[in-house]
Amino acid sequence: MFEDNITTKRLLKRKSYMEALEKAKEENNDFKVRQLEGKIAMFNRKHYPENHWNSKEKGTYVKKEIKK
């Protein structure tokens, strides 16, 4: 139930960024275009990462080796 709301909120936010980007391109506002492209890139990196950490197999932190 909550997943649908979170997903919908993410899609609406991304859609608003894309619409603002199109508007900025029409107005030839280079600063706004670069700013929105950066926001979209960070949004994608945060919500749709390329690699996932499997903590069940790899653990949640790097373990120090014990010297014998």
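No experiment lies behind these values; they were computed from the predicted model shown.

## Some words on the overall build of the protein chain
When you go through the protein chain residue by residue, the secondary structure sums to 3 helices and 0 strands. Walking the protein chain from its N terminus toward its C terminus, one meets helices and strands in the order α-α-α. Here the protein chain holds 68 residues, and 12% of them are scored as buried. Put simply, the protein chain shows about 7,000 Å² of open surface, and 53% of that area lies on carbon and sulfur atoms.

## Some details on the nonpolar core
Counting 7 residues, the largest nonpolar core consists of Y17, L21, A24, V33, L36, I40 and F43. Going through the elements one at a time, helix 1 (2-26) and helix 2 (30-47) are the ones with two or more residues in this core. Sequence-distant contacts of L21, that is, excluding residues within four places in its chain, are made with V33, L36, E37 and I40.

## Quick notes on the environment of K39
Looking at the secondary structure, you find K39 in helix 2. Separated by 25 residues in sequence, K39 and R14 place their C-alpha atoms 9.4 Å apart.

## Focus: the packing of aromatic side chains
Considering all chains together, one arrives at 2 aromatic pairs under this definition. Ring geometry for Y17 against F43: centres 6.3 Å apart, planes inclined by 85°, an arrangement best described as edge-to-face. Taken together, the residues span a long stretch of sequence, with Y17 in helix 1 and F43 in helix 2 at a distance of 26 residues. Among the aromatic side chains, those forming a connected cluster through ring pairs are Y17, F43 and Y48.

Definitions and limits used
Residues numbered from 1 in each chain as written. Predicted model: local features only at pLDDT ≥ 70, side-chain atom pairs only at ≥ 80, totals over all residues. Heavy atoms only, no water. Helix = DSSP H or I, 4+ residues; strand = E, 2+ residues; numbered from the N terminus. Buried < 20%, exposed > 50% of the residue type's maximum accessible area, 1.4 Å probe, protein only. Areas by Shrake-Rupley, 256 points an atom, 1.4 Å probe, with all protein chains shown as cover. Core = buried A, V, L, I, M, F, W, Y, C linked by side-chain atoms within 4.5 Å. Contact = heavy atoms within 4.5 Å. Phe/Tyr/Trp six-rings, centres within 6.5 Å; stacked < 30°, edge-to-face > 60°.

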